[in-house]
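Listed here are the chains, written in short residue letters.
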Amino acid sequence: MTGIKELQTLLANVDPVLDERSFIFCTFPELNNDDICRLNPIGFFHEKEGLTLIITKQQAVDSHINYESVYSLISLNVHSSLDAVGLTAAFSAKLAEKNISANVVAAYYHDHIFVPEEKATQALMAIHELQ
């Protein structure tokens, strides 16, 4: 199934969904595969400074992992193409208008936006305004 590229179609069908879990970002200079599997991240990225993991707040607490901020996850349930132009800019601008930071992960089928937990409802409403 091919993702949607046309911006107006994407915005009309954005369908944001708020995940009920809380998430944190953490980083490790090195981490073995067993530890990564144990932490069961929903996302990770290798940077020159270390490995960044996105895990639930509960996993961090249970594993005694320090974190700075807690985020809510809003997933856009529209199948956006990785080649689509303007979707990230549209929701980023809308969230910036409301003074809400956004950490975006674009996966194969959907875009996922991590926003400060205390602003999750406000962010969800702002994204709905794009429709």
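Please refer to the structure placed before this passage.
All values derive from a computational prediction rather than experimental measurement.

Cut-offs used in this document
Residues numbered from 1 in each chain as written. Predicted model: local features only at pLDDT ≥ 70, side-chain atom pairs only at ≥ 80, totals over all residues. Heavy atoms only, no water. Helix = DSSP H or I, 4+ residues; strand = E, 2+ residues; numbered from the N terminus. Salt bridge = Lys/Arg side-chain N within 4 Å of Asp/Glu carboxyl O. Buried < 20%, exposed > 50% of the residue type's maximum accessible area, 1.4 Å probe, protein only. Pairing = 2+ DSSP bridges. Patch = residues over 30% accessible without salt bridge, like charges linked within 9 Å, V, L, I, M, F, W, Y side chains within 5 Å. Areas by Shrake-Rupley, 256 points an atom, 1.4 Å probe, with all protein chains shown as cover. Phe/Tyr/Trp six-rings, centres within 6.5 Å; stacked < 30°, edge-to-face > 60°.

Positive phi, close to 50°, is recorded for Asn40, a residue that is not glycine. Looking at where Asn40 falls in the secondary structure, it is placed in the loop between α2 (33-39) and β2 (43-47). The phi angle at His64 is positive, at roughly 55°, despite the residue not being glycine. Mapping His64 onto the fold places it in the loop between α3 (57-62) and β4 (71-76).

The full count for this structure, using the stated rule, is five salt bridges. Residue Glu129 is joined to Lys94 by a salt bridge in which the shortest nitrogen-to-oxygen separation is 3.1 Å. In this pair, Glu129 is assigned in the segment after α5 (120-128) and Lys94 in helix α4 (residues 87-97), connecting sequence segments 35 residues apart. Taking relative accessible area as the criterion, Glu129 reaches 43% and is therefore assigned partly exposed. Across the salt bridge formed by Lys98 and Glu129, the nearest N and O atoms sit 3.4 Å from each other. Of the two residues, Lys98 is situated in the loop between α4 and β5 (103-106) and Glu129 in the segment after α5; the sequence distance between them amounts to 31 residues.

Moving on, we get to the pairing of strand β6 (residues 111-116). Where burial is concerned, most of β6 is hidden: six out of the six residues are buried. Two strands pair when backbone bridges link them, and β4 and β6 are joined in this way by six bridges, in the antiparallel orientation. Across the sheet, Ser75 pairs through a bridge with His112, a residue of β6. Pairing between β5 and β6: four bridges, direction antiparallel. In the strand pairing of β6, Ala106 is matched with Asp111. Between β5 and β6, which pair antiparallel and follow one another directly, the connecting turn spans four residues.

Turning our attention to a nonpolar patch on the surface. A contiguous nonpolar surface patch, about 370 Å² in accessible area, is contributed by Leu82, Tyr108 and Tyr109. Structurally, Tyr109 can be placed in the loop between β5 and β6. The partly exposed category is assigned to Tyr109, whose relative accessible area is 45%.

A separate point is the packing of aromatic side chains. Tallied over the entire structure, the rule returns four aromatic pairs. Each ring, one from Phe23 and one from Phe114, has its centre 5.8 Å from the other, and the planes form 85°; the classification is edge-to-face. Note that Phe23 is positioned in strand β1 (residues 16-28) and Phe114 in strand β6, a separation of 91 residues in sequence. Given a relative accessible area of 0%, Phe23 falls into the buried group. With a centroid separation of 5.3 Å and 80° between ring planes, the pair formed by Phe25 and Phe114 is classed as edge-to-face. Of this pair, Phe25 sits in strand β1 while Phe114 is found in strand β6, placing the two residues 89 residues apart along the sequence.

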